[in-house]
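# Inside the fold
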Amino acid sequence: MEGIVVKGIGGFYYVKAEGCIYQCKARGIFKKDGIKVAVGDLVEIQLNEGSDALITEIRERKNSFIRPPIVNVDCLVIVFAAAHPEPNFSVIDKFLVMAEKSSTDIIICANKVDLAEEARIDELKNIYDPIYPLIFLSGKTGEGISRLKELLKGKKCALAGPSGVGKSTILNALEPEISAETGEISEKTKRGKHTTRHVEIFDTAFGAMIFDTPGFTSFEVLEANEEELAHFYPEMQEYLGKCRYDNCRHIKEPECSVREAVSEGRISRSRYHSYVEQIKEIREKNKKW
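Below you will find a few notes about this structure. All values reported here derive from a predicted model rather than from experimental measurement. (Residues numbered from 1 in each chain as written. Predicted model: local features only at pLDDT ≥ 70, side-chain atom pairs only at ≥ 80, totals over all residues. Heavy atoms only, no water.)

By size, the foremost hydrophobic cluster in this structure holds 47 residues, and its most contacted members are I55, L76 and Y128. Per element, the largest residue contribution to this core is six residues, and it comes from helix α2 (residues 89-101). Y128 has contacts with F89, I92, D93, L96, I108, L134 and R271, leaving out every residue within four places of it along the chain. (Core = buried A, V, L, I, M, F, W, Y, C linked by side-chain atoms within 4.5 Å. Buried < 20%, exposed > 50% of the residue type's maximum accessible area, 1.4 Å probe, protein only. Helix = DSSP H or I, 4+ residues; strand = E, 2+ residues; numbered from the N terminus. Contact = heavy atoms within 4.5 Å.)

Next comes the structure, spelled out in structure tokens:
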């Protein structure tokens, strides 16, 4: 019987198959082979009379993440606050690189739009609206939630973003029955408390499946290497291969088509700044090895 792993706790995996949830254990061979069952896995299960069902096979994965341990994500919803806390563009762009590298669809959600100034909203539009679907919403008032539901329908989705930006509030607004525990913002640090304690995937009334995760707030950014990083910036694609040097990294090289596009306003300076920062981080990381 084929199903999807919707939760894993204490060595047990809960598999939804044919409208029912089965408590399962995994075959010992998986551990021997260094394979760990993850939420989102499509699996074959064997029902055993009088005992837990057994996961006998794991289907090939579309993608996988280590922190949090989820797989087969169709869409990453990159969430940040338009205000309180102020958006950190460098961090947002790291999440976008992660999503691009994992070959997921991307939706950007600027939450707390009710607290943001018009100048900030215009700035966000100028940077991201030409590249990705960008939604301004408020998890508390419900503004923008209907459009987000339309974009998520029929997909397995995960919300990713820094702590304290309102991911749990948005999750509750999308599907109140999930009843994700929301945390208050610390007055001292202006950051949120981690409130989700395990990974689980929920069905929704509007036709999406949503991962509720304790992670996607920080990570080793750059699983990418410097040779491929520019390919994870969609707005750079049309300029790649047009530089003077074939191995151009678009940092200081002369006759660089990417830098020329930045200077002429065809590529956002904010996005280019993030790219340069990430190249530097990758190089520093490689020095340590």
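Now that the structure has been shown, the text picks up again.
A regular strand places its side chains so that they alternate between the two faces of the sheet. By the alternation rule, side chains of strand β11 (residues 209-212) split into M209 and F211 and I210 and D212, which are all buried. The pairing of strand β9 (residues 156-160) with β11 spans three bridges and is parallel. Its bridge partner lying in β11, A158 is registered against F211. Alignment of strand β10 (residues 200-203) against β11, held across four bridges, turns out to be antiparallel. Bridge pairing links F202 to I210 in β11. The hairpin formed by β10 and β11 contains five residues between the paired strands, and G207 there has a positive phi angle of roughly 95°. (Pairing = 2+ DSSP bridges.)

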